[in-house]
Amino acid sequence: MKQARIISVAVAAAFFALIAAPGSMKAQETKPSNDWLLDAPDDHTRFQLLQRYLRGFDQPMWEVGHRYLGVYDALGRENYDLALYHWDKIKTTIQNGYLKRPARRANAEAVFLDTTWGEVRAAFESHDIKQAWEGFFTARNACMACHVAEDVAWMNNQDMFDDTASPNN
Ligand code: HEC
């Protein structure tokens, strides 16, 4: 009996020694938390973190570029519904872009959204392949014109625009 008690005390002591070991304490302290928003001290800091995370005009443009190639591919298949789908999302994405960077709004509207966007949409809606491609090349020109207007003309010198140029140019 006495021996059994000694053993259980020894086991308990070993157990407490283990959980109180400086090594395991340290591991607990330095374990990184995934709650990057919940752990922030206040809402102001949380909104700052969200703003940084949601980026500026570059990330919407990245999506616009992807969808632009999607439109090109869709027209190649005469899939007008898919072309219109991407075209509508491109508008939303550009608008979300200038929500974050209002200085881009004036050129986005003047060069792209106010007239060109609707004309191109009508061209896709016509389901006439010739008109639809004309619409696409009008869109391409507007994309590139806005890059010039916004002082990023070098943006036009990339495969995305070379590969989607009009064969008549
Ligand atoms: C407001 C005018 C404007 C319009 C309209 C516009 N762009 Fe842009 N685009 C920009 C600006 C400005 C940048 C650079 C953003 C930055 O520096 O954060 C950019 C960047 C890009 C990028 C690089 C994104 C990246 O970081 O990988 C691509 C690709 C792109 N645009 C494609 C297009 C296409 C395709 C269209 C037309 C469907 C288009 N853009 C229409 C202004 C515009």
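Our structure is the block above this text.
Below is a summary of the structure that appears in this document. (Residues numbered from 1 in each chain as written. Predicted model: local features only at pLDDT ≥ 70, side-chain atom pairs only at ≥ 80, totals over all residues. Heavy atoms only, no water.)

Remarks on a nonpolar patch on the surface
Judged by side-chain polarity, Trp36, Tyr53 and Leu54 come together as a nonpolar surface patch covering roughly 360 Å² of accessible area. Under the relative-accessibility criterion, Leu54 is labelled partly exposed at 48%. (Patch = residues over 30% accessible without salt bridge, like charges linked within 9 Å, V, L, I, M, F, W, Y side chains within 5 Å. Areas by Shrake-Rupley, 256 points an atom, 1.4 Å probe, with all protein chains shown as cover. Salt bridge = Lys/Arg side-chain N within 4 Å of Asp/Glu carboxyl O. Buried < 20%, exposed > 50% of the residue type's maximum accessible area, 1.4 Å probe, protein only.)

Quick notes on helix α6 (residues 105-113)
Taken together, the buried positions of α6 are occupied by Ala108, Phe112 and Leu113. Around the axis of α6, the buried residues are gathered within 65 degrees of arc, so they sit on the same side. Facing away from the buried side of α6, by more than 90 degrees, are the exposed residues Ala106 and Ala110. (Helix = DSSP H or I, 4+ residues; strand = E, 2+ residues; numbered from the N terminus. Arc of directions from axis to C-beta.)

Brief notes about unusual backbone geometry
A negative phi angle characterises most non-glycine residues, just as the trans form characterises most peptide bonds. In this structure, His127 takes a positive phi of about 55 degrees despite not being glycine. Locating His127 in the fold gives a position in the loop between α7 (116-125) and α8 (129-149).

Notes on the coordination of the iron atom of the ligand
Protein ligation of the iron atom of the ligand involves Met61 (SD) and His147 (NE2), the donor distances falling in the range 2.1 to 2.3 Å. Bound by six donor atoms, the iron atom of the ligand shows angles of 85 to 179 degrees at the metal and therefore octahedral coordination geometry. Of this pair, Met61 sits in helix α4 (residues 58-76) while His147 sits in helix α8; the two residues are 86 residues apart in sequence, bridging distant segments of the chain. Under the relative-accessibility criterion, Met61 is labelled partly exposed at 26%. Overall, the relative accessible area of 13% leaves His147 in the buried class. (Donors = N, O, S within 2.8 Å, 3.2 Å for Na, K, Ca; no water. Tetrahedral: all angles 85-135°; square planar, octahedral: opposite > 155°, others 65-115°.)

Bear in mind that shape data such as this cannot, by itself, settle questions of function.
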